[in-house]
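Descriptive structure summary
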Amino acid sequence: MDRERLYRTEAIVLRRSDFGEADRLLTLLTPEFGKLRALAKGVRKIRSRKAGHVERFMRTSLLLARGRELDVISQAEVIAAHPRLREDLTRSTLAHYVVELAETFAPEGEESRALYRLLADTLDRLDTEDELQQIVRYYELHLLEITGFRPQVEFCVGCGEPLREERGPYGFDPPRGGVLCPRCAPRFPAAHPLSRRALKAMRFALRSTYPAFRAAPFSLQTIQELGEIISRHFLAILERRPRSLAFLSELTRASRTGGEPEG
């Protein structure tokens, strides 16, 4: 094989689908090339050496050969397997969600080191830690910052004045992409109520490292409110809800009632 056609990269497997009789088509996130698609030939055969190295959510070191339409994976060696993301339903659902967001926002063929590092760290945390809601909230906000959709949390998007410490309630206006002060919030019917604690949590998450955010004494109620606000922000940006959110919502409802999610 022509060595000029070969290149190495780390990659996270975002998506996979069967291709032909024994191959798989993979959607990957890489630090150097952003999002790309590659073919894993023969990976569905029982004796394939690559099969256990290119499962969804895995972080893998790859050797690829450039092709006319699709690059082809020549070698694969797993770096982080993340087994709990396939064994635990809640962790798996959250992993599908963060991967879906990365796939939606990642550029094709362009360097994307910050997003790659954020996703790699988030999958590691979902696999090993138990503060699942904090992990996902931190990921969502920093993905928005990296991709240029950071919510405005310093100035009121209604009057433009700096947001001060007030009793509230504040408002979050998805069409304007940010927070409304307590005086402006009643003037915008699309605004969703935002508590002072949730605003503090959002600001702190955007300014801090993940370990600091994880250690902060925010209540579960505040983290859940923050999740609702961020969900509305994504809906305004994408004009649709991420597909994995529907199952995640059903899973949350089932956990509260002691039932099983449908589907």
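Residues numbered from 1 in each chain as written. Predicted model: local features only at pLDDT ≥ 70, side-chain atom pairs only at ≥ 80, totals over all residues. Heavy atoms only, no water.

Our focus in this paragraph is the packing of helix 2 (residues 89-105) against helix 3 (residues 113-128). Interhelical geometry of helix 2 versus helix 3 gives an angle of 175° and a closest axis separation of 10 Å. Taken together, the axes of helix 2 and helix 3 are roughly antiparallel relative to one another. On helix 3, the residues touching Arg91, Leu94, Ala95, Val98, Val99 and Ala102 of helix 2 are Leu115, Leu119, Thr122, Leu123, Leu126, Asp127 and Thr128. Partitioned by chemical class, the residues of the contact of helix 2 with helix 3 number 9 nonpolar, 2 polar and 2 charged. (Axes fitted to C-alpha atoms, helices over the stretch in contact; angles between N-to-C directions. Helix = DSSP H or I, 4+ residues; strand = E, 2+ residues; numbered from the N terminus. Parallel < 35°, antiparallel > 145°, perpendicular 65-115°, else oblique. Contact = heavy atoms within 4.5 Å. Nonpolar A, V, L, I, M, F, W, Y, C, P; charged D, E, K, R; others polar.)

Another point: the sheet that holds strand 1 (residues 6-19). Sheet architecture is closed into a barrel: 5 strands sit in the order 1-2-3-5-4, paired in mixed fashion. Between one strand and the next, the sheet's axes are offset by a mean angle of 50°, whatever the strand orientation. Where strand 1 and strand 2 (residues 23-30) come together, 7 bridges link them in antiparallel fashion. Bridging from a neighbouring strand, Asp18 pairs with Arg24 of strand 2. Against the sheet, helix 2 makes contact with strand 1, strand 2 and strand 3 (34-40), and its axis sits at roughly 115° relative to strand 1, the strand it touches most. Relative to the sheet, helix 3 contacts strand 1, strand 2, strand 4 (59-65) and strand 5 (71-80), its axis offset from that of strand 1 by approximately 60°. (Pairing = 2+ DSSP bridges.)

So, about the pattern of salt bridges. Throughout the structure, instances matching the rule amount to 18 salt bridges. With a closest N to O distance of 3.1 Å, Glu103 and Arg15 form a salt bridge. A residue pair is termed long-range when its members are at least 10 positions apart, and Glu103 in helix 2 and Arg15 in strand 1 qualify at 88 residues. Across the pair Arg203 and Glu154 runs a salt bridge whose closest N-O atoms are separated by 3.8 Å. Here Arg203 is found in helix 5 (residues 196-207), whereas its partner Glu154 is found in the loop between helix 4 (132-146) and strand 6 (170-173), with 49 residues between them in sequence. With relative accessibility at 15%, the residue Arg203 sits in the buried group. Three or more residues are tied together by salt bridges with common partners; here these are Glu10, Arg59 and Asp124. (Salt bridge = Lys/Arg side-chain N within 4 Å of Asp/Glu carboxyl O. Buried < 20%, exposed > 50% of the residue type's maximum accessible area, 1.4 Å probe, protein only.)

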